[in-house]
Amino acid sequence: LVVALAECQLVGGECFDDVEHLRADAAGAPLRAVAETPSAPTARQLAYRFEPGHIRAIERAQARVGNELDRRLGRDVGEQATLDLDATETTVYGRRKRGTGRSRNGGLAYNSYVVTWAQRGRALTGDLRGGNQARIKASQSLTLLGRAERLLPDGHGQITVRGDSGFYAAELMTGLRKRRMRFTLSATRTSTMWAKLAEIPEHAWADAIDMRCAQAAELAFTPEGWAHEPLRLIVRRVPVTAAELLAGSPKARRRKTIPPEQLQMVLDGQLDSTFAYSFIVSDIPAAEKTAVQVEHFHRQRAQIEERFKD
């Protein structure tokens, strides 16, 4: 059933009813791994039998296949592994969909929390939750990452976890430290972050890698609840003109990336331009990566959007 559904998705299927299109393709049957594709009603009924334990077993089998593929391709087992933790929302229809929730857009949806292995470009594990759950607890994220780690091949290198501000929490960072995983996490723009920004001298800014006009700088930072050595707070700034801000919606996300007092001065016509800022907290040693290198590494996290499309 699992392979048949995968083959259905590979040819564009999006729901159980699309299995019937695959069944009707008699000419393509010899090319498929499952020539006798189950009917849509049968597939739907069989799917109801799957419990979380079955899903975990499928993930383990998928990981074994992936690791064997890597071995045959001669890929380095011992290289460092980057695990990207992110979520994607899927809108669904029908009030009888179990476990759904109303998303911020008002529709019924699921949130898929997925851990992908960046170097291989493939998902390792995930959890499905209602669309009304904007974020999961740090303990749940750690459970996901623990499962993902167990799916990596024996002898893998240092693990580094990347995540956006929805996952930023001292509890998560502490848990990662216990598991000897490094991290780069986007930090929420709070009054604390704006205050830290004021401590950066102008000469500390350096040009970012592969991002026009962007610059990065860093400070030592100890988040509330963090009981270890100070972390690295890496800040990226990008110039924004008043015309760009005024042309957008008052609710645009870009406005939230600008210090409130600077934004007001732009809106009042006192400034022609300002900077938009992003904050990253990391424990990657400075001896291994400079601030601009960490910022560039963390920015590659955006590739997960391509994985979601896949």
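How each quantity is defined
Residues numbered from 1 in each chain as written. Predicted model: local features only at pLDDT ≥ 70, side-chain atom pairs only at ≥ 80, totals over all residues. Heavy atoms only, no water. Buried < 20%, exposed > 50% of the residue type's maximum accessible area, 1.4 Å probe, protein only. Helix = DSSP H or I, 4+ residues; strand = E, 2+ residues; numbered from the N terminus. Pairing = 2+ DSSP bridges. 1 Å grid on protein atoms, 1.4 Å probe; cavity = no way out; pocket = protein on both sides within 12 Å on 5 of 7 lines; lining within 4 Å. Points joined across faces, edges and corners; volume = space filled by probe spheres on them. Nonpolar A, V, L, I, M, F, W, Y, C, P; charged D, E, K, R; others polar. Core = buried A, V, L, I, M, F, W, Y, C linked by side-chain atoms within 4.5 Å. Contact = heavy atoms within 4.5 Å. Polar contact = N/O pair within 3.5 Å; in protein donor to acceptor, adjacent residues only side chain to side chain. Salt bridge = Lys/Arg side-chain N within 4 Å of Asp/Glu carboxyl O. Lys, Arg positive; Asp, Glu negative; His and termini not counted.

(A) A look at the pairing of strand β10 (residues 273-282). With eight of ten residues buried, β10 lies mostly within the body of the structure. Where strand β6 (residues 182-186) meets β10, three bridges bridge the pair, whose relative direction is antiparallel. Looking at β10, one finds that Leu185 is bridged to Val281. Pairing geometry for strand β9 (residues 231-241) and β10, over ten bridges, is antiparallel. Bridged to Val240 within β10 is Thr274.

(B) Seen up close, the layout of surface pockets. Approximately 1,500 Å³ is the volume attributed to the second largest pocket. What lines the second largest pocket is a set of 42 residues, and nearest its centre among them are Asp164, Ser165, Gly166, Arg253 and Arg301. Elements that contribute at least two residues to the lining of the second largest pocket include exactly β1 (81-91), β3 (108-117), β9, β10, α10 (291-299) and α11 (304-309). Taken together, the residues that form the lining of the second largest pocket break down as 14 nonpolar, 14 polar and 14 charged.

(C) Quick look at the nonpolar core. With 42 residues, the main nonpolar core has Phe279 and Val281 as its most contacted residues. The biggest single contributor to this core is helix α5 (residues 138-151), with six residues. Apart from residues no more than four positions distant in its own chain, Phe279 is found in contact with Leu185, Ser186, Ala187, Arg189, Met193, Trp194, Leu197, Leu233, Ile234 and Val235. In this structure, Val240, Leu245, Leu263 and Ala276 belong to the second largest nonpolar core, which totals seven residues.

(D) Inspection of the side chain of Asp283 at higher detail. Assignment of secondary structure puts Asp283 in the loop between β10 and α10. On the basis of relative accessible area, Asp283 is assigned to the buried category, the value being 12%. In terms of polar contacts, Asp283 uses its side chain to reach the side chain of Arg177, at 3.2 Å. Here Phe183 takes part through its backbone nitrogen, which lies 2.9 Å from a polar atom of the side chain of Asp283.

(E) Focus on the pattern of salt bridges. Taken as a whole and assessed by the stated rule, the structure comprises 23 salt bridges. We note a salt bridge from Arg120 to Glu79, for which the minimum N-O separation is 2.7 Å. Separated by 41 residues along the polypeptide, Arg120 in the loop between β3 and β4 (122-130) and Glu79 in the loop between α4 (52-72) and β1 bring together distant segments of the chain. Look at Glu79 and you get partly exposed, because its relative accessible area is 27%. In this structure, Glu295 engages Arg236 in a salt bridge whose closest nitrogen and oxygen atoms are separated by 2.7 Å. Of the two residues, Glu295 is situated in helix α10 and Arg236 in strand β9; the sequence distance between them amounts to 59 residues. Ionic contacts of the salt-bridge type, sharing partners, join the residues Asp70, Arg75, Glu79, Arg120 and Arg122 into one network.

(F) Spotlight on the environment of Glu218. Along the chain, the position of Glu218 falls in strand β8 (residues 215-221). Once the C-alpha coordinates of Glu218 and Arg104 are considered, the two residues, 114 residues apart in sequence, prove to be 34 Å apart. In terms of polar contacts, Glu218 uses its side chain to reach the side chain of Arg232, at 2.8 Å.

(G) Representation of the side chain of Glu7. Within the secondary structure layout, Glu7 lies in helix α1 (residues 2-10). Salt bridges are absent for the buried Glu7, whose nearest opposite-charge side chain, Arg32, sits at 4.4 Å.

(H) Representation of unusual backbone geometry. A positive phi angle, near 60°, is found at Arg180, a position not held by glycine. Within the element layout of this structure, Arg180 appears in the loop between α6 (170-178) and β6. Using a relative accessible area of 73% as the deciding quantity, one classes Arg180 as exposed. Its identity as a non-glycine residue notwithstanding, Asp210 has a phi of 55°, on the positive side. Its location among the elements puts Asp210 in the loop between β7 (206-207) and β8.

Keep in mind that these numbers describe shape and distance, not what the molecule does.
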